[in-house]
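# Geometric and topological summary
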Amino acid sequence: MNKKKRYSISVLLLLVIMTITACTGKQSDSADNDIVAYKPQYSQYDLTFDASAGVEPNFYGMFVQGDSLYCISRDDSRMDTVNIIDISTGEHSEKRLDSTASYYRTGMGFVGFKSKKLTIYDENFDKTGEVDLSKFIAELNASGESLLIYNGSNITMDTEGNIGIVSNMNTLYMVDANGMLLSRTECPDNMSRIEMVFVTNAGSWYIVCGGMNYGDTVFYPVDIKSGTLGDGMEDILYGDNNTVVDICPVDADDFYIFSRNYVYRYISESSTSEELCCLREYGVEIDSQGMGVGSGFGMFTDNMPGIINYTGSQTDEDADVRDIELVTFVRTEGKVSQRTELVAATISEPSFKEREAVMRFNKYNPDYYITFKTYLDEDYHTDDRKEKVRLAQQSFNNDLVSGKGADIYFSPYGELDFENLGEKGALADLYEFIDADSDISRDDFVQSILKAMEYKGKLYAVSPDFSLNTIVGKKSLLGQYDKWDYNAVYELAKSHPDAILFANSNQEKNLDKFMAYSLDMFYNSDTAECGFDSEQFIKLLELAKDSGTEYDNSADIGELLKDEKVLLYEAPIMSWEAIQCLPYYFGEDISYVGYPSNAESGTVLRYYYQWAVSGQSQHKDGAWQFIKSLFDDAYQKSCLYFPVMRSSFDDVITEAMNFNERHSVGLTSGVSVNVHAMTQEEADELRQFVDNATLVYKPYDTVKNIIKEEAEYLFDGVRSAEETAAIIQNRVKLYLEENN
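Residues numbered from 1 in each chain as written. Predicted model: local features only at pLDDT ≥ 70, side-chain atom pairs only at ≥ 80, totals over all residues. Heavy atoms only, no water.

Glancing now at the overall build of the protein. A tally of helices and strands in the protein yields 20 helices and 38 strands. Taken across its 740 residues, the protein has 53% of its residues classed as buried. The long-range fraction of contacts in the protein, counting pairs at least 24 apart against all pairs at least 6 apart in sequence, stands at 62%. Counting every atom, the protein has about 32,800 Å² of accessible surface; 44% of that belongs to carbon and sulfur. (Helix = DSSP H or I, 4+ residues; strand = E, 2+ residues; numbered from the N terminus. Buried < 20%, exposed > 50% of the residue type's maximum accessible area, 1.4 Å probe, protein only. Contact = heavy atoms within 4.5 Å. Areas by Shrake-Rupley, 256 points an atom, 1.4 Å probe, with all protein chains shown as cover.)

Next comes the structure, spelled out in structure tokens:
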């Protein structure tokens, strides 16, 4: 393996200690903020593996110890390797381990557990011994018990060789250095689980228990000889999102506590805890990649805590590179300035991508930081889930309209009617910020996307990326139609009576599909004109009625399309590779006909989530700084779909045309397509799709509800398509006249 020198980049943020007190609502007694501050310092490293070694994508242990970082990788030979990074030089060295195992930090170093054996390592990950647990496990099995150990701090060892093992999150077993059972301790009746076990440098043992309610955490001292528990310590943690993820002993009986949102130090002399840092306000997120073992913890030689995070990876033909971020905490005293808190409201917990945007902003912005305000707690998946969701949405909307909710709003696309809220003054027009900003202008965006996101000349909500949807079919079937409207769709369906239009569709689904992007053909809300009694709309209704039953989901869509049992395919275009892959579904040339509409192109723009700024926020400039960060080069390059900024979108096409890797894409039909560099023709085709696309799905539309209500009588055979169309025409006309 190539062991070139790695790099280290440190960024010391001159951030605000006020963000620490903002986590808990505590305020400094000093008007000048003359207080102790723990400032995060970030260093970036990489680990480079030979791409041919077959190293698995996740780590099986990450630790901070002394002046080194330890990341345990596993390759296709089923052997583990400790990758050691010297934090001062960035140099990377390796130690090959005996086999595979689960790894835990102890007061003396580390242990690896596999099957019935515990392997002991010192602080440098050199093997120092083994403990045979076979007799202990046999004793458990004989009594009807079994040993079930989860990832986390569930095994540790003290200096005398005593071993603590948490099994099935409900029992602590204490085993001596010879592998014999010393004692057992059950989870207290008033707690739901044992989350971890640890021992201090002075030899005091504790278990950490989670309560019946989310966020309840209690520390219990343990007498390892008798297995009895001391009084629970309930007030060690405070603040939100405080699930404990690791404990690191320091000095005699003190210890650092790492939770998902905070770092504390427990001070044994006073039996109190001191909050060192609110992590999310400084842009630090635990296991941000969702890799299971995506973060590690520990302490350096100066007794300061450290966090190591796996933040991403890049792979090419020769190298597999893992990005590693180290977070250290620098203790300073003196006068520090304040950052201002911005609140971002969302109904439910945001996904990784949205949190990533906020964490990035918090890490580098010197004036503001963002905290999330969610309206659904994490245990809402209960029998009364629907009611909890309804109440959360109601509270969210009430706060948004009243201006009490937040500075920034986030929502998956379609959950909120941002256009209506903007017209009521609840949201700021982002064009005002774009036009006043010297770093960004309207011309910097992909124009079709910007136009699609605006409403009546205002820009109330934005998305940093987008994808496309269109309808495709065999060119031999669709090339004959000069105009793609519902007359053409009707003719296609009637000429193939044994086929269906779309796979996995029925009457309701096809009606929704037709209405989603075609209603501009039948009414105009500005002029209050409508034509639902037209021949085209009647044919739309007949097409929906005749949709029939769904195909089996297990059917091969590729075979159905090739055999013309299914005539049309709704094609998502989420990346440039889709342009090359779609013809393989049909086995011949295809036509992109799009959705029937009045638009020049039937291609649909899709964006998946939206950000907006409160019209009543006192910190609109700070909120705009965050929105603007979604459009910078770094974030645009990380987008999951096509970026909305023109230069970044052009870069996607340029990189695609220079693509020279071996890469294949698996289709839903099971076919694997080898992708090649994008041709000029394909690039022009993609640009044309994007630049001509104007259709956007509008989830909030009373007219759609009217059509769906009346169509039920059509589907039940009570009315004909002509009768249904006439009733819809009258109802919609009345609605438009009353609301125009």
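Further remarks concern the sheet that holds strand β19 (residues 254–259). Reading across the sheet, the four strands line up as β18-β19-β20-β21 and stay open at both edges, with antiparallel pairing between neighbours. Strands at the two margins of the open sheet, each flanked by one partner only, are β18 (244–250) and β21 (272–278). Shown here is a sheet whose adjacent strand axes are inclined to one another by a mean of 20 degrees, direction ignored. Where β19 and strand β20 (residues 262–267) come together, four bridges link them in antiparallel fashion. (Pairing = 2+ DSSP bridges. Axes fitted to C-alpha atoms, helices over the stretch in contact; angles between N-to-C directions.)

Counted according to the given criterion, the structure contains 38 aromatic pairs. Between Phe 410 and Trp 611, the ring centres sit 4.8 Å apart and the planes meet at 45 degrees, which makes this aromatic pair tilted. A residue pair is termed long-range when its members are at least 10 positions apart, and Phe 410 in strand β27 (residues 408–412) and Trp 611 in strand β34 (residues 609–613) qualify at 201 residues. Considered together, Phe 410 and Trp 611 belong to a single accessibility category, that of buried residues. Through pairs of rings, three or more aromatic residues link up here, namely Phe 63, Tyr 70, Tyr 103, Phe 110, Tyr 121 and Phe 125. Positioned above the aromatic ring of Tyr 431 is the side chain of Arg 442, whose terminal nitrogen or guanidinium carbon lies 3.7 Å from the ring centre. (Phe/Tyr/Trp six-rings, centres within 6.5 Å; stacked < 30°, edge-to-face > 60°. Lys NZ or Arg CZ within 6 Å of the ring centre and 35° of its normal.)

The next subject is the packing of helix α11 (residues 535–545) against helix α19 (residues 702–715). Following both chains from N to C, one finds α11 and α19 inclined at 60 degrees, their axes separated by 10 Å at the closest point. Comparing the axis directions of α11 and α19 gives the class oblique. Like other packed secondary-structure pairs, α11 and α19 cross with a definite hand, here right-handed. Each of Phe 537, Leu 541, Ala 544 and Lys 545 in α11 lies in contact with α19, whose residues at this interface are Ile 707, Leu 714 and Phe 715. Class assignment of the residues belonging to the contact of α11 with α19 gives a composition of six nonpolar, no polar and one charged. (Parallel < 35°, antiparallel > 145°, perpendicular 65-115°, else oblique. Left-handed = near helix turned anticlockwise from the far one by under 90°. Nonpolar A, V, L, I, M, F, W, Y, C, P; charged D, E, K, R; others polar.)

Looking at the protein as a whole, the pLDDT averages 86, with 90% of positions reaching at least 70. Segment residues 1–22: pLDDT under 50, and 79 contacts once partners within four positions in sequence are set aside and those in other chains are kept. Within the model, the stretch residues 24–33 combines pLDDT values under 50 with 14 contacts to residues more than four positions away or in other chains. (pLDDT = per-residue confidence, 0-100.)

On to the nonpolar core. Among the nonpolar cores identified, the biggest contains 58 residues, and Phe 466, Leu 468, Trp 611, Phe 626, Ile 627, Phe 631 and Leu 686 are the most heavily contacted of them. In contact with Ile 627, other than residues within four places in its own chain, are Leu 430, Val 462, Trp 611 and Val 613. With 47 residues, the next largest nonpolar core counts Ala 488, Leu 519, Leu 695 and Val 703 among its residues. (Core = buried A, V, L, I, M, F, W, Y, C linked by side-chain atoms within 4.5 Å.)

Moving on to unusual backbone geometry. Look at Asn 168: it is not a glycine, yet its phi comes out positive at around 55 degrees. Within the secondary structure layout, Asn 168 lies in the loop between β12 (163–167) and β13 (171–175). For Asn 168, a relative accessible area of 36% corresponds to the partly exposed category. The backbone of Ser 271 sits at a positive phi, close to 55 degrees, despite the residue not being glycine. Mapped onto the elements, Ser 271 comes out in the loop between β20 and β21.

Once that is clear, we can look at the sheet that holds β34. The strand order across the open sheet formed by four strands is β26-β25-β27-β34, and the pairing between neighbours is mixed. One side of each edge strand has no neighbouring strand; the edge strands of this open sheet are β26 (368–374) and β34. Mean inter-strand twist for the sheet, computed between neighbouring axes without regard to direction, equals 25 degrees. Bridging between strand β25 (residues 340–346) and β26 involves seven bridges; their strand directions are parallel. When the bridges of β26 are listed, Val 343 appears paired with Thr 371. Set on the sheet, helix α4 (residues 385–402) makes contact with β25, β26 and β27; between it and β27 the angle comes to about 145 degrees.

Right, let's get into the environment of Lys 424. Of note, Lys 424 is situated in the loop between α5 (418–423) and α6 (430–436). Assessed through its relative accessible area of 61%, Lys 424 is described here as exposed. Remark: the alpha-carbon pair of Lys 424 and Gly 615, spanning 191 residues in sequence, is separated by 9.5 Å.

What follows deals with the packing of helix α17 (residues 646–657) against helix α18 (residues 680–692). Direction vectors running N to C along α17 and α18 enclose 155 degrees, while the axes themselves pass 10 Å from each other. Put simply, α17 runs roughly antiparallel to α18. For the pair α17 and α18, the crossing hand works out as right-handed. Taken together, the residues of α18 that come into contact with α17 (itself represented by Arg 646, Phe 649, Asp 650, Ile 653 and Met 657) are Gln 680, Ala 683, Leu 686, Arg 687, Val 690 and Asp 691. Among the residues forming the contact of α17 with α18, the class breakdown is six nonpolar, one polar and four charged.

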